[in-house]
Amino acid sequence: MRLLLIFEFAFPPYREFLIRELRKVSSKLAIYAAQDKFVNPLDVKSLKRIIGSGESALYTLPIGAIANSDVVIVSANIRRPHTWLGMFLFPKKRWILWGQGIGRSQNNFVKWLRAKILQKSSGYVVYTEQGKVSLINEGYPSECIAVANNTLQVKNSVRTEVGNYLLYVGRIQSRKNIEGVFPWLRELNIRLRVVGDGAHLTTLRERASYFKVEDLIDFYVGTHSDDELLEHFRGALLYFSPGHVGLGVVHAFSYGVPVMTMPSPYHAPEFHYCTCANSYLLNQFEELNALIDEIRRNVHKHELKCDDAFNSYTLSLSSESMVRAFVEIIQRDSVMPQLRKKLI
């Protein structure tokens, strides 16, 4: 079987484990990707940007690679046409979509296009059970869906001891709202460790200076090293991302560190992995003082939440779980007629 993967952005290094396993399913595996967010390795062919910027961009389409493939897996993104245009040019190929399911947009054109894309596909690997439900509600057959909880491989996953600082790891972006805690940081009598890089880093430092809390914040450059990340998580009390959470949830759980965040309609799908058993879901920063006091007074209760966080990773967010879902849908797809049901 000739398998092709097309990524909406550049190839993320935390997906290497998935590629290694898919090579066992298909000895002829080709990978194409855009060129933003990450740096493509040598065995990934980079697509050329034609026009656009930010999330919305048009890249070249790997026509030859699609024509020579039996199964094409795409990380579906309507704003990135190179992930779905080929479905209309090669409708007889077996296309597998990979993503969060039904997006938030209620624009009539987007809804129409989304339905057409779903009709052309023959399977969907979705990040969460909630995503599966959203697809089924649109009319997508449940037997054509595999749930692969979005995750990453953490080779040194371990239940760490309870630490003493708030930790943020990831890209530094305004939507994370890390600076929202600055007015309360000194009152909380706790340190904040920020590990990452990004355009918002300069603003974050400026806000720290404005609130005069520079002495309470430790900045570290971003890293993909498991050993370095373990050292950061080993001393953390909470993984702190109040404004938006994504794969950082998985990383935190892999080390038994509960997540502290706030409900928002703009969270990534990984937010659904957070529950009252493994995370702290607050409505406003004013609640942090009582939360930190409670954790310090009742460490045993916090330890139980750490256990639940670690168990959430080992039971349903391990890399093996994601690989199984992909293999399942690829093998099922090989004998499944292409989806032609009318979608709502």
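Scroll up to find the structure this text is about.
Because the structure is a prediction, the values reported are computed rather than measured.

Undergrad: In this structure, what is going on with the overall build of the chain? I would like to understand it.
TA: Of the regular secondary structure elements, the chain holds 12 helices and 15 strands. In terms of overall size, the chain behaves like a compact globule, its C-alpha atoms giving a radius of gyration of 21 Å where 344 residues would be expected to give roughly 20 Å. Overall, the C-alpha framework of the chain stretches about 60 × 40 × 40 Å when taken along its three principal axes. Relative to its full complement of 344 residues, the chain shows a buried share of 53%. By sequence separation, contacts in the chain at least 24 residues apart represent 69% of the contacts at least 6 residues apart. With an accessible surface of roughly 15900 Å², the chain has 53% of that area assigned to carbon and sulfur atoms. Distance from the positive charge centre (42 side chains) to the negative charge centre (33 side chains) of the chain: 11 Å.

Undergrad: What exactly am I supposed to notice about the packing of aromatic side chains here?
TA: Between two aromatic rings, the relevant description is the distance of the centres plus the angle of the planes. For the structure on display, the rule yields 12 aromatic pairs. Judged by centre distance (5.9 Å) and plane angle (70°), the ring pair of Phe7 and Trp98 falls under edge-to-face. Pair noted here: Phe7 is in strand β1 (residues 2-7) and Trp98 is in strand β7 (residues 94-99), with a separation of 91 residues, a long-range link. Classification of Trp98 as buried rests on a relative accessible area of 3%. Through a chain of ring-to-ring contacts, the aromatic side chains of Phe7, Phe11, Trp98 and Phe326 assemble into a single cluster. The ring of Phe9 has Lys37 sitting right over it, with the charged end atom 4.0 Å from the ring centre. Lying across the ring of Tyr210, Arg207 places its NZ or CZ 5.0 Å from the centre.

Undergrad: For this particular structure, what's the right way to read the sheet that holds strand β15 (residues 279-281)?
TA: The strands that make up a sheet are held in pairs by hydrogen bonds between backbone atoms, and each pair lies either parallel or antiparallel. Strand order in the open sheet formed by 6 strands is β12-β11-β10-β13-β14-β15, with parallel pairing between adjacent strands. In the strand order of this sheet, the two ends are held by β12 (217-220) and β15, each with one partner. In this sheet, neighbouring strand axes are inclined to one another by 25° on average, regardless of whether the strands run parallel or antiparallel. For strand β13 (residues 236-240) and strand β14 (residues 259-261), the ladder comprises 2 bridges, and the chain directions are parallel. Bridge assignment links Tyr239 to a residue of β14, and that residue is Val259. Of the strands in this sheet, β10 (165-169), β11 (191-195), β12 and β13 touch helix α8 (residues 226-234), which is tilted by about 150° from β10.

Undergrad: Help me understand the pattern of salt bridges in this model?
TA: Tallying each qualifying case throughout the model produces 12 salt bridges. For Arg186, the salt bridge identified is with Asp215, shortest N-O distance 2.8 Å. Residue Arg186 is located in helix α6 (residues 182-188), and its partner Asp215 is located in the loop between α7 (201-210) and β12; the two are separated by 29 residues in the primary sequence. Exposure remark for Arg186: the relative accessible area of 43% places this residue in the partly exposed category. Residue classification places Asp215 among the partly exposed positions, given a relative accessible area of 45%.

Undergrad: Got a minute to help me understand the sheet that holds β1 in this structure?
TA: Taken in spatial order, the 7 strands line up as β3-β2-β1-β6-β7-β8-β9 in an open sheet, and their pairing is parallel. Bordering the open sheet on either side are β3 (45-46) and β9 (145-147), each of which pairs with just one other strand. Alignment of strand β6 (residues 71-75) against β7, held across 5 bridges, turns out to be parallel. Pairing of Ile73 across the sheet is with Ile96, part of β7. Each of β1, β2 (28-33) and β7 touches helix α1 (residues 16-25); the most contacted strand, β2, lies at about 150° to it.

Undergrad: Just checking my understanding: could you explain the environment of Phe9 for this structure?
TA: Secondary-structure assignment places Phe9 in the loop between β1 and α1. Through-space distance from the C-alpha of Phe9 to that of Trp84 is 13 Å; in sequence the pair is 75 residues apart. With residues up to four places along the chain from it excluded, the contact list for Phe9 reads Ala33, Ala34, Asp36, Lys37, Glu55, Asn77 and Arg80.

Undergrad: Even after reading the chapter, I still don't get the packing of helix α10 (residues 288-297) against helix α11 (residues 299-316), so can you show me in this structure?
TA: To describe two helices that pack against each other, one gives the angle between their axes and the distance between the axes. Where α10 meets α11, the closest approach of the two axes is 5 Å, and the angle between their N-to-C directions is 100°. Judged by the inter-axis angle, α10 sits roughly perpendicular to α11. Contact residues: Glu294, Ile295, Arg296 and Arg297 in α10; Val299, Lys301 and His302 in α11. Across the contact of α10 with α11, the residue classes tally to 2 nonpolar, 1 polar and 4 charged.

Conventions used here
Residues numbered from 1 in each chain as written. Predicted model: local features only at pLDDT ≥ 70, side-chain atom pairs only at ≥ 80, totals over all residues. Heavy atoms only, no water. Helix = DSSP H or I, 4+ residues; strand = E, 2+ residues; numbered from the N terminus. Rg over C-alpha atoms; globule rule 2.2 N^0.38 Å. Buried < 20%, exposed > 50% of the residue type's maximum accessible area, 1.4 Å probe, protein only. Contact = heavy atoms within 4.5 Å. Areas by Shrake-Rupley, 256 points an atom, 1.4 Å probe, with all protein chains shown as cover. Lys, Arg positive; Asp, Glu negative; His and termini not counted. Charge placed at Lys NZ, Arg CZ, Asp CG, Glu CD. Phe/Tyr/Trp six-rings, centres within 6.5 Å; stacked < 30°, edge-to-face > 60°. Lys NZ or Arg CZ within 6 Å of the ring centre and 35° of its normal. Pairing = 2+ DSSP bridges. Axes fitted to C-alpha atoms, helices over the stretch in contact; angles between N-to-C directions. Salt bridge = Lys/Arg side-chain N within 4 Å of Asp/Glu carboxyl O. Parallel < 35°, antiparallel > 145°, perpendicular 65-115°, else oblique. Nonpolar A, V, L, I, M, F, W, Y, C, P; charged D, E, K, R; others polar.

None of this, on its own, says anything about what the molecule does.
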